[in-house]
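Now for the letters of each chain:
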Amino acid sequence: MQWLSFILLAATALTLQSAIAPRFELFGVRPDWLLVIVVFFAMHASPRDAAIGAWIIGGCADLMTIERLGLMALTYTLVAVAVTSVRNYVFRDQALTQFLLTLVVSVLVRLAWTVYSRLLHDPGGALFVDLVLEVVIASVYTAVWAPLLHKGLLRMSRTFGLARPRYTYAGQQRMGTTGV
């Protein structure tokens, strides 16, 4: 992976997440574009590079929150490890796959964050409202952004040093011109 271009993307994404994402707030929730980027690199980079990249993005995201240092870094690294473990079983370039994979990961992450927040802090609202808003609506809203961001990032895959897989029928090259 080309780390300089990744660092520039991460810095841009962190800036957009903190400055622009609040303007896209819907029902009091914001999309998590950082999670979408972590899922993208976990789907296309090597497992080691994806985990390191997720840790870097999470560590920088930790600096933007008031939570304990390392929570976001650990979460995003676990997301990268989970996505890299299933990416060979899905069609990575399909928008539906990108949406569903981001949705599942986002629901799990936001559910864990909600449980963590309720255990450590005084819950301010009803659990049902937190689950609906912070877990379901925020996850769907984040997942809606996934195909759009993946499409843009796939166009720049060479910039990041990522190989683009090609899905073909394996026996097609062997057939040649024999005219079966």
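The coordinates are above.
Let us look at the structure shown here.

A few points about the pattern of salt bridges
- Applying the stated criterion to the full structure yields three salt bridges.
- With a shortest N-O distance of 3.0 Å, D130 and R118 are connected by a salt bridge. Of this pair, D130 sits in helix α6 (residues 127-155) while R118 sits in helix α5 (residues 95-120); the two residues are 12 residues apart in sequence, bridging distant segments of the chain.
- On the basis of relative accessibility, which here comes to 22%, the residue D130 falls in the partly exposed class.

Things to note about the nonpolar core
- Counting 33 residues, the largest nonpolar core has F41, I57, Y76, V79 and V83 as its most contacted members.
- Those elements that place two or more of their residues in this core are α1 (3-19), α2 (33-44), α3 (47-62), α4 (71-86), α5 and α6.
- Considering each element in turn, this core owes the most residues, nine residues, to α2.
- In this structure, A21, W33, A138 and W145 belong to the second largest nonpolar core, which totals six residues.

Points about the packing of α2 against α3
- The interhelical angle for the contact between α2 and α3, taken along N-to-C directions, is 170 degrees, at an axis separation of 9 Å. Judged by the inter-axis angle, α2 sits roughly antiparallel to α3. Here α2 contributes L34, I37, V38, F41 and A42 to the contact with α3, which in turn contributes A50, A54, I57 and A61.
- A class-by-class count of the residues in the contact of α2 with α3 yields nine nonpolar, no polar and no charged.

Reading the values: rules and limits
Residues numbered from 1 in each chain as written. Predicted model: local features only at pLDDT ≥ 70, side-chain atom pairs only at ≥ 80, totals over all residues. Heavy atoms only, no water. Salt bridge = Lys/Arg side-chain N within 4 Å of Asp/Glu carboxyl O. Helix = DSSP H or I, 4+ residues; strand = E, 2+ residues; numbered from the N terminus. Buried < 20%, exposed > 50% of the residue type's maximum accessible area, 1.4 Å probe, protein only. Core = buried A, V, L, I, M, F, W, Y, C linked by side-chain atoms within 4.5 Å. Axes fitted to C-alpha atoms, helices over the stretch in contact; angles between N-to-C directions. Parallel < 35°, antiparallel > 145°, perpendicular 65-115°, else oblique. Contact = heavy atoms within 4.5 Å. Nonpolar A, V, L, I, M, F, W, Y, C, P; charged D, E, K, R; others polar.

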